[in-house]
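Structure assessment
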Amino acid sequence: MGHVTWWAVLSSGSAPVLLLGGSTTAAVVEGPDYNPVKQTISVLAADNQEAYWVLTATLLALGLCHLATACGLRAAALAGRVALGGGGVAAMLLALFPAPATGGSLSHGSVVTIGFALLALWPVLAAWRRPAGGPWGLRPAPSWAVTGLMLLGAAWFVVENQRHGPAGVAERVVTAATAVWPVVVVVSCLRHRPRTGSTPQV
């Protein structure tokens, strides 16, 4: 496990489970008034919502998972690890800046935007410069592809949010991708057999 620590394996695997389980539980707690197709996950943590504490706890745990993964993913370039950890901090900060029950919020929107930008860019920032030789999840081609797909997903969400379409679905697809990719990278690091003296080319 020279490329990745045991706690990074645990934290990366826990992140998507926490995201799915926490958001689903919060939606159930909120009841039939909540529409997961059109409403965002953040609505569940809005002031005075029944599911506030459920989703807040989920975001705090998810942020800690990203931080732990960033610390333990030794094979990744430092810039990528900092970005992943920063995305985790942003997730936890959402507990301090929840979405309002109605209307918008500059502070909430800013934290969401910064957090997503960090989580979308971390694959590219974490990648090795060599096209081959490193773990598959840290090679340039898949890293650029994932970042590109995440940015396209974000554009999809913005469009659906503006036209009052299925913004909830778009957001869930994008957030799922940000939670699952660290698992893919960690697994690729576990399966990789490094050559003697190989190090990340950053």
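The text that follows walks through the structure, step by step, so that each part is easy to find. Computed from a predicted structure; not experimentally measured.

Turning next to the overall build of the chain. Of regular secondary structure, the chain possesses six helices and zero strands. Start at the N end of the chain and walk to the C end: the helices and strands fall as α-α-α-α-α-α. Relative to its 202 residues, the chain shows a buried fraction of 46%. In the chain, of all internal contacts separated by at least 6 residues, the share reaching a separation of at least 24 is 69%. About 10,200 Å² of surface is accessible on the chain, with carbon and sulfur atoms providing 69% of the total.

Now for the pattern of salt bridges. Should their charged atoms come close, side chains of opposite charge can pair. Evaluation of the coordinates by the stated rule reveals one salt bridge. A salt bridge links E160 to R163; the nearest nitrogen and oxygen atoms lie 2.7 Å apart. Take R163: its relative accessible area is 53%, and that puts it in the exposed class.

Next up on the list: the packing of helix α5 (residues 140-162) against helix α6 (residues 167-191). Contact pair α5 / α6: the axes reach a minimum separation of 8 Å and the direction vectors enclose 160 degrees. One element, α5, and the other, α6, form an angle in the roughly antiparallel class. Two packed elements cross with a definite hand, and for α5 against α6 that hand is left-handed. Listed contacts from α6 to P142, V146, M150, G153, A154, W156, F157, E160 and N161 of α5 are A167, V169, A170, E171, V173, V174, A177, T178 and W181.

Once that is clear, we can look at helix α1 (residues 6-30). Helix length check: α1 (25 residues) gives 36 Å between terminal C-alpha atoms against 36 Å at 1.5 Å per residue, within 8%. Remark: the principal bend of α1, roughly 25 degrees, maps to S14, with a proline, P16, within the next four residues. Those residues of α1 lying buried are A8, S11, S12, A15, L19, G22, S23, A26, A27 and E30. Buried-residue contacts for α1 involve α2 (52-72) and α6. Just beyond α1, the residue with positive phi is G31, at close to 95 degrees.

Below, the discussion takes up the environment of A51. With respect to the helices, strands and loops of the structure, A51 is situated in the loop between α1 and α2. Along the chain, A51 and E30 lie 21 residues apart, while their C-alpha atoms are 5.4 Å from each other. Look past the residues within four positions of A51 in its chain and what remains in contact with it is A26, V29, E30 and L44.

Rules used throughout
- Residues numbered from 1 in each chain as written.
- Predicted model: local features only at pLDDT ≥ 70, side-chain atom pairs only at ≥ 80, totals over all residues.
- Heavy atoms only, no water.
- Helix = DSSP H or I, 4+ residues; strand = E, 2+ residues; numbered from the N terminus.
- Buried < 20%, exposed > 50% of the residue type's maximum accessible area, 1.4 Å probe, protein only.
- Contact = heavy atoms within 4.5 Å.
- Areas by Shrake-Rupley, 256 points an atom, 1.4 Å probe, with all protein chains shown as cover.
- Salt bridge = Lys/Arg side-chain N within 4 Å of Asp/Glu carboxyl O.
- Axes fitted to C-alpha atoms, helices over the stretch in contact; angles between N-to-C directions.
- Parallel < 35°, antiparallel > 145°, perpendicular 65-115°, else oblique.
- Left-handed = near helix turned anticlockwise from the far one by under 90°.
- Expected span 1.5 Å × (residues − 1).
- Bend = angle between axes of the 7 residues up to and from the residue.

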